[in-house]
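# Secondary and tertiary structure notes
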Amino acid sequence: MNFQKKNSRNLCKFNCPENFQHLAVIMDGNGRWAKNKGWPRYFGHFRGVKALRQMVKSCSRLGIPYLTVFAFSTENWKRSSTEVSVIMKLMRRALTRYKEELNRDQIRLHVLGNLGELSPSVKNIFNEMREQTKNNQGLQLIVAVNYGGKREIIEAVKILSEKLTTGKIKTEDINEDSFSKYLSSSAFPPPDMIIRTGAVSRISNFYLWSAAYSEIYVSSLLWPDFNEEELIKALKFYSQTQRRFGGVFNKNTSERE
Ligand code: FPP
């Protein structure tokens, strides 16, 4: 599946790395950003939405085909009910407010995670936006909400077990390719790079399966301060890495052996 606009890569000053398909972002540091300014944590989330809007615009302009943002993890329910409710409200408000912008910029919204456990108003706006943007061919924006990598794997195992029990597949048919088809993220290519902001270098239950060979870029900026300059820095870092996928890099041909 290739949703990319044909010539979008030619529009940008900075050339997005060749064959770069999917950027995933762990937007960390909202609380610290607000605390540093002596403000309540929710202010950081508020500014985090602004940074996200800029990020979406930048990725769209740079011709990056897929962007996943980790908006709310299965573990984030452990936060105070006030903070959870602020994050939910901000997501609902942002989707409502930027509805037209998403369509104008040909951005298609996908959701990764379980919407069933969210309040009806938040669930509905996600579903509505999914439906309203489904024909858009530009940036494929995947919002990971109520998502956990472990849960994604467990859900895949459940589907697989059911198929084994009913004889629809055989044990010998299970391999990496066939298993990955049961993951809820199977429609998206694996992330080429994961950016985590806030100077923390943990994967935090994000894309556990498909991040097996993702490059990791840790930014010292807190998420509300993240900007296009830092994004380009991360993409340049990516361009300089030699992705070997477990193989050996041949210096003479610049290819994997
Ligand atoms: C992590 O910072 C941030 C979050 C858990 C929430 C991020 C969500 C948004 C920015 C809203 C996204 C909106 C849409 C529409 C997708 P933190 O609070 O863990 O920061 P800390 O490490 O400083 O405490």
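The following refers to the structure shown. (Residues numbered from 1 in each chain as written. Predicted model: local features only at pLDDT ≥ 70, side-chain atom pairs only at ≥ 80, totals over all residues. Heavy atoms only, no water.)

### What to know about the pattern of salt bridges
Cut-off, in case you're wondering: Criterion for a salt bridge: a side-chain nitrogen of Lys or Arg within 4 Å of a carboxyl oxygen of Asp or Glu. Runs of E in the DSSP output that reach at least two residues are strands. Runs of H or I that reach at least four are helices, and both are numbered from the N terminus. Burial classes follow relative accessibility: with a 1.4 Å probe on protein chains only, a residue under 20% of its type's maximum area counts as buried, one over 50% as exposed, and anything between as partly exposed.
Tallying each qualifying case throughout the model produces 13 salt bridges. Residue arginine 41 is joined to glutamate 83 by a salt bridge in which the shortest nitrogen-to-oxygen separation is 2.9 Å. With arginine 41 in helix α2 (residues 41-62) and glutamate 83 in helix α3 (residues 81-97), this residue pair connects regions lying 42 residues apart in the sequence. Owing to a relative accessible area of 11%, glutamate 83 belongs among the buried residues under this scheme. Each of Asp28, Arg32 and Arg196 takes part in salt bridges that share partners, so that together they form one network.

### Overview of the layout of surface pockets
The following threshold applies: As defined here, a cavity is a set of points on a 1 Å grid over the protein atoms alone where a 1.4 Å probe fits but cannot get out. A pocket is an open set with protein on both sides within 12 Å along at least five of seven lines, and residues line them when an atom is within 4 Å of a point. Grid points are joined across faces, edges and corners, and a volume is the space filled by probe spheres set on the points. By the convention adopted, Pro, Cys, Tyr, Trp, Phe, Met, Ile, Leu, Val and Ala count as nonpolar, Lys, Arg, Asp and Glu as charged, and the other residues, Gly among them, as polar.
Empty space within the largest pocket amounts to approximately 890 Å³. Lining the largest pocket are 42 residues, and of these Met27, Asn30, Phe70, Ala71 and Phe72 sit closest to its centre. Among the secondary structure elements, those contributing two or more residues to the lining of the largest pocket are α1 (30-36), α2, β2 (66-73), α3, α4 (99-104) and β4 (140-147). When residues in the lining of the largest pocket are grouped by element, the largest group, eight residues, is from α2. In the lining of the largest pocket, the residues fall into 22 nonpolar, nine polar and eleven charged. In this structure, the second largest pocket occupies an estimated 510 Å³ of space. Taken together, the residues that form the lining of the second largest pocket break down as nine nonpolar, six polar and five charged.

### Some details on the sheet that holds β4
For clarity, the cut-off: When DSSP finds two or more bridges between two strands, those strands count as paired. Axis definition: a line fit to C-alpha positions, over the contact stretch in the case of helices; interaxial angles, taken between N-to-C directions, run 0 to 180 degrees. Should any heavy atoms of two residues lie within 4.5 Å, those residues are considered in contact.
Strands sit in the order β3-β4-β2-β1-β5-β6 across an open sheet of six strands; the sheet is parallel. Pairing within the sheet leaves two strands with one partner each, and these edge strands are β3 (108-112) and β6 (215-218). Ignoring which end each strand starts from, the neighbouring axes of this sheet average 20° apart. In this sheet, strand β5 (residues 193-196) lies alongside strand β1 (residues 22-26) in parallel orientation, the contact comprising four bridges. The partner of isoleucine 26 across the bridge, within β5, is arginine 196. Where helix α5 (residues 120-132) meets the sheet, its contacts fall on β3 and β4, and the angle it forms with β3 comes to roughly 135°.

### Remarks on the site of the ligand
Filter applied, for reference: We call a residue near a molecule or strand as soon as one heavy atom of that residue lies within 4 Å of the molecule or strand. What qualifies as a polar contact is a pair of N or O atoms within 3.5 Å, subject to a donor-acceptor requirement within protein and to the restriction that residues adjacent in sequence count only when both atoms come from side chains. Areas reported as accessible are Shrake-Rupley estimates using a 1.4 Å probe. Residue values count occlusion only from the protein chains shown. Put plainly, a molecule is in a cavity or pocket when over half of its atoms are within 2 Å of the grid points there.
As a matter of local geometry, the ligand sits amid 17 residues, with Met27, Asp28, Arg32, Arg41 and Arg79 nearest to it. In this structure, an oxygen atom belonging to the ligand sits 3.1 Å away from a main-chain N or O atom of asparagine 30. Side-chain polar atom of arginine 79 to an oxygen atom of the ligand: 2.7 Å apart, as the coordinates give it. Coverage of the ligand by the protein amounts to 91% of the 630 Å² it exposes when considered alone. Spatially, the ligand is embedded in the largest pocket. Contributions of two or more residues to the shell around the ligand are made by α1, α2 and α3. A per-element tally of the shell around the ligand places α2 first, with five residues. For the shell around the ligand, a count of residues per class yields seven nonpolar, six polar and four charged.

### Examining unusual backbone geometry
Positive phi outside glycine occurs at asparagine 19, with the angle close to 65°. Tracing the backbone through its elements, the reader meets asparagine 19 in the segment before β1. By relative accessible area, which is 59% here, asparagine 19 ends up exposed. If you check the backbone angles, asparagine 205 has positive phi at about 65° while not being a glycine. When you line up the elements, asparagine 205 lands in the loop between β5 and β6.

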